[in-house]
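# Structural features, examined
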Amino acid sequence: MTQTAIPSALTIPETLAAGPGPGNTDARVLAAFANAGLADHMQADVLRGMIECKLMLREIWGTKNVHTFGVAGTGWSGLDCLFSAIGPGDKVVAFVNGTFSGIDALTVRMKAASRENLAANSLDPKPANVTVITVPHGQSVLGEVVEAALAAHKPTWAVMAHWETGSGRINDLRGFSDACERHGVMGLVDAVSSLGIEDFAIDDFPGVAGWASCPQKGVLCLPLTYAPVSFTDRYIAHLKANGASTYVHHPILEARHWAIIDGKDAAAGTYHRTHSGYAVAAFHEALRINLQHGKAQKARDYAFHEAALRAAVIALGCDVTSNMTSLVVLNLPSALAGREKELVQACRATGFGIWPTLSEPVQVRIGILNQLSEAAITDIVTRFAAAMNAMGGKVDASAALAALGRHYGRDMAAE
Ligand SMILES: *Cc1c(COP(=O)(O)O)cnc(C)c1O
């Protein structure tokens, strides 16, 4: 019998995280994670930290929703909690314009499916009570499209991504919320990519009954921590009346550890699951950093640096099709067209972490999460131009740097 050798200790290298996510985690967050003491999940400082996180989240997300808290795990954990109130047979309209809203729609189809629907196609059920409206890759979901679909189908729920990270498109949240309000529909929004980047407030969108985000993008708390969620009283009342077939992601039950009990803030949380003091400390520090940066300032900084990156890649001959401010999604110039995956692989092999699109058509995605400085954007552009040239792209890196210089108000020629 052969014995498996014990592998040597795992070393994961530092890379330049220049993709759609995860973003570069602030050293303060990592220090908070590493410096936390071992405390159990009912220890007073852990519980106080969770209450402070809950209050900071309400501030960052601009909401008085009592049911605003973190779901342990990744973005999909928060989204699973968000969609938990959808039950078999529920009527849903889901808007899909890329990879992530596509997976949202799959999650919704699984939850709204009957036993028969699941037995017929368990990994990709197609219940007739869920209508999926597909908007082509590279385009945004517009208010008119939402209005027409809700008027025609009169669902209980409508589902949309705020920012579709797959194609880098911002969807019409105002139009979505207004249409939901007009038709008495409960809107559910995947805000995984927009929270912590865009300056928006939940309470300005009363047609949306539930929201979910993630730890690793705009919130910048990769050490696997909490996916923020927020629910209106209407959602919670519907959930209470109809139930959900989950314990761990049940919004009412999960909220209890965050000291949200019987629809009100309580003095302390009660046990739901074993939270980690390390995770709570890291999440707490990430939220403090978000508040210290300031929501409006942070949004302006992303817009400013995204515009710089956009100008530089256009100067390299790329065609940008996105409108999010945390990343650019682009087509390569014709000399390199069709070689997107090869280019991305070559960059990733050197620790420069950019991404292709995960569904067709193949495009390149370059992100700037926590890379909000001229030096960081210049590094990204320099590496990208070099990678294009290494593949025979014959691009003029100095033109891209000159575009950056113009954006940042410097005269490159004079230097
Ligand atoms: C990243 C992302 C997700 C998934 O988040 P994970 O942290 O990978 O679970 C879902 N929706 C959108 C819009 C995203 O950008």
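Residues numbered from 1 in each chain as written. Predicted model: local features only at pLDDT ≥ 70, side-chain atom pairs only at ≥ 80, totals over all residues. Heavy atoms only, no water.

### Regarding unusual backbone geometry
Between Gly 21 and the following residue, Pro 22, the backbone shows a cis peptide bond with an omega angle of 0°. Secondary-structure assignment places Pro 22 in the loop between strand 1 (16-17) and helix 1 (27-35). Going from Glu 360 to Pro 361, the amide bond is cis rather than trans, its omega being -5°. By the element assignment, Pro 361 lies in the loop between strand 16 (355-356) and strand 17 (364-367). You will see that Asp 262, though not glycine, has its phi angle at about 55°, which is positive. Take Asp 262: its relative accessible area is 71%, and that puts it in the exposed class. For Lys 394, which is not glycine, the phi torsion reads 50° and is therefore positive. Along the chain, the position of Lys 394 falls in the loop between helix 13 (374-390) and helix 14 (397-407). (Helix = DSSP H or I, 4+ residues; strand = E, 2+ residues; numbered from the N terminus. Buried < 20%, exposed > 50% of the residue type's maximum accessible area, 1.4 Å probe, protein only.)

### Focus: the sheet that holds strand 14 (residues 327-331)
The sheet built from four strands is open, its strands ordered 13-14-17-16 with antiparallel pairing. Since the sheet does not close on itself, it has two edges, and those belong to strand 13 (319-320) and strand 16, each with one partner. Sheet topology note: the strand 16/strand 17 ladder contains two bridges and is antiparallel. Bridge pairing in strand 17 links Pro 356 to Val 364. In the packing of helix 11 (residues 295-315) onto the sheet, contacts are made with strand 13, strand 14 and strand 17, and the angle to strand 14 comes to roughly 15°. (Pairing = 2+ DSSP bridges. Contact = heavy atoms within 4.5 Å. Axes fitted to C-alpha atoms, helices over the stretch in contact; angles between N-to-C directions.)

### Focus: the packing of helix 1 against helix 10 (residues 277-293)
Between helix 1 and helix 10, the shortest axis-to-axis distance is 7 Å and the interhelical angle comes to 155°. Classed by the angle they form, the pair helix 1 and helix 10 counts as roughly antiparallel. At the point where helix 1 passes helix 10, the crossing takes the right-handed sense. Every residue of helix 10 that contacts helix 1 at Arg 28, Val 29, Ala 32 and Phe 33 is listed here: Tyr 278, Ala 279, Ala 281, Ala 282, Glu 285, Ala 286, Arg 288, Ile 289 and Gln 292. Across the contact of helix 1 with helix 10, the residue classes tally to nine nonpolar, one polar and three charged. (Parallel < 35°, antiparallel > 145°, perpendicular 65-115°, else oblique. Left-handed = near helix turned anticlockwise from the far one by under 90°. Nonpolar A, V, L, I, M, F, W, Y, C, P; charged D, E, K, R; others polar.)

### Focus: the site of the ligand
Surrounding the ligand, one finds Thr 74, Gly 75, Trp 76, Leu 79, Phe 100, Trp 163, Thr 165, Asp 190, Val 192, Ser 193, Gln 216 and Lys 217. For the ligand, an oxygen atom lies 2.9 Å from a polar atom in the backbone of Gly 75. In the environment of the ligand, an oxygen atom lies 3.5 Å from a nitrogen or oxygen atom belonging to the side chain of Ser 193. In the complex, 90% of the free accessible area of the ligand, which totals 390 Å², lies under the protein chains. Top element by residues in the shell around the ligand is helix 3 (residues 75-82). It accounts for three residues. For the shell around the ligand, the per-class residue count stands at five nonpolar, five polar and two charged. (Near = heavy atom within 4 Å. Polar contact = N/O pair within 3.5 Å; in protein donor to acceptor, adjacent residues only side chain to side chain. Areas by Shrake-Rupley, 256 points an atom, 1.4 Å probe, with all protein chains shown as cover.)

### Considering the environment of Ala 212
Tracing the chain through its elements places Ala 212 in strand 9 (residues 208-212). Residue class for Ala 212 comes out buried when judged on its relative accessible area of 0%. The contact partners of Ala 212, leaving out residues within four places of it in the chain, are Trp 61, Gly 78, Leu 79, Leu 82, Val 189, Asp 190, Ala 191, Val 192, Pro 228 and Val 229.

### Let's talk about the UniProt feature "modified residue: N6-(pyridoxal phosphate)lysine" (unreviewed entry) in the protein chain
Residues annotated by UniProt as "modified residue: N6-(pyridoxal phosphate)lysine" (unreviewed entry) correspond here to Lys 217. Tracing the backbone shows Lys 217 in the loop between strand 9 and strand 10 (226-231). Note on Lys 217: relative accessible area 7%, which makes it buried. Excluding anything up to four places from it in sequence, Lys 217 contacts Pro 20, Gly 21, Thr 165, Val 192, Ser 193 and Leu 369. (UniProt positions renumbered as here; feature names shortened; annotations may be inferred.)

### Observations concerning the UniProt feature "binding site: substrate" (unreviewed entry) in the protein chain
UniProt records the feature "binding site: substrate" (unreviewed entry) for Arg 365 in the present numbering. In this structure, Arg 365 sits in strand 17. A relative accessible area of 1% means that Arg 365 is categorised as buried. At 2.9 Å, the side chain of Arg 365 and the backbone oxygen of Thr 165 are in polar contact.

### A closer look at the nonpolar core
Of all hydrophobic cores here, the largest spans 72 residues; its most connected members are Phe 95, Leu 150, Phe 176, Trp 211, Tyr 235 and Phe 283. For Trp 211, the residues in contact, after removing those within four places along its chain, are Trp 61, Leu 82, Leu 173, Val 189, Ala 191, Phe 200, Ile 202, Phe 205, Pro 228, Val 229 and Ser 230. Counting 41 residues, the second largest nonpolar core, distinct from the first, contains Val 364, Ile 366, Ala 387 and Val 395. (Core = buried A, V, L, I, M, F, W, Y, C linked by side-chain atoms within 4.5 Å.)

### Thoughts on the layout of surface pockets
Estimated volume of the largest pocket: approximately 550 Å³. Lining of the largest pocket is provided by 23 residues; of these, Glu 14, Thr 15, Ala 17, Asn 24 and Leu 222 occupy positions nearest its centre. Among the secondary structure elements, those contributing two or more residues to the lining of the largest pocket are strand 1 and strand 15 (352-353). Considered class by class, the residues forming the lining of the largest pocket number eleven nonpolar, nine polar and three charged. Domain assignment of the residues forming the lining of the largest pocket places at least three in each of domain 1 (27-291) and domain 2 (295-408). For the second largest pocket, the calculated volume is near 240 Å³. Lining the second largest pocket are 15 residues, and of these Asp 45, Gly 49, Gly 277, Val 280 and Ala 281 sit closest to its centre. (1 Å grid on protein atoms, 1.4 Å probe; cavity = no way out; pocket = protein on both sides within 12 Å on 5 of 7 lines; lining within 4 Å. Points joined across faces, edges and corners; volume = space filled by probe spheres on them. Domains from an automatic or database assignment.)

### Topic: the domain arrangement of the protein chain
Domain parsing of the protein chain yields domain 1 (27-291) and domain 2 (295-408). Relative placement of domain 1 and domain 2: their C-alpha centres are 30 Å apart. At the interface, 29 residues of domain 1 touch 22 residues of domain 2. Carbon and sulfur atoms make up 55% of the surface buried where domain 1 meets domain 2, a total of about 1,800 Å² over both sides. Here domain 1 is connected to domain 2 by twelve residue pairs in polar contact (both at pLDDT 80 or more). Contributing elements (two or more residues each) for the side of domain 1 that touches domain 2: helix 2 (44-61), helix 4 (99-112), strand 6 (163-164) and strand 7 (169-170). (Buried area = accessible area lost by both parts, 1.4 Å probe.)

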